[in-house]
Amino acid sequence: MKKDEDVYESAIRVRQFIETIEMPGKSTHALGQLQLAVDDPERYRKELLENISKDVAFLKSTIGTKGKAFIKGLERPVLVRQVDDRNVELFIHYELTIEMSSQSNPRVP
């Protein structure tokens, strides 16, 4: 994709290019559905884990607990989801449980 181009404009350019190719014999070609992707999303794992850690600390301070946080699922793969025609989201599907300490004073809105 060019800098100021979205995935659909890129698809038009690709389609126009493919249509100029003369296929030999009875060969045909087809262009499937295009979508954005990330090459090697696992390389963002460290950054995602740092963000999750910050979120847990923020959540604990917001609800005012000194209890323990338990996180399950951080070993799951880094997933990619297309948000719109120019952006994707990277995430790890995980579960968070916070155990309230008896010394905690939770803030209730």
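Here the structure is a predicted model, which is why all the values come from computation and not from measurement. (Residues numbered from 1 in each chain as written. Predicted model: local features only at pLDDT ≥ 70, side-chain atom pairs only at ≥ 80, totals over all residues. Heavy atoms only, no water.)

Q: Please set out unusual backbone geometry residue by residue, giving values where relevant.
A: Phi at Asp40 takes a positive value of approximately 55°, unusual for a residue other than glycine. Its place among the elements puts Asp40 in the loop between helix 1 (7–19) and helix 2 (45–63). (Helix = DSSP H or I, 4+ residues; strand = E, 2+ residues; numbered from the N terminus.)

Q: Summarise the confidence of the model for the protein; cite the residues concerned and give the values.
A: Per-residue pLDDT for the protein averages 85, and the proportion of residues at 70 or more is 91%. Mean pLDDT per element in the protein: helix 1 is the minimum at 79, and strand 3 (residues 88–91) is the maximum at 95. (pLDDT = per-residue confidence, 0-100.)

Q: Lay out the environment of Tyr44 in plain terms, naming residues and giving numbers.
A: Structurally, the position occupied by Tyr44 is in the loop between helix 1 and helix 2. Separated by 25 residues in sequence, Tyr44 and Glu19 place their C-alpha atoms 37 Å apart. With residues up to four places along the chain from it excluded, the contact list for Tyr44 reads Val38 and Leu90. (Contact = heavy atoms within 4.5 Å.)

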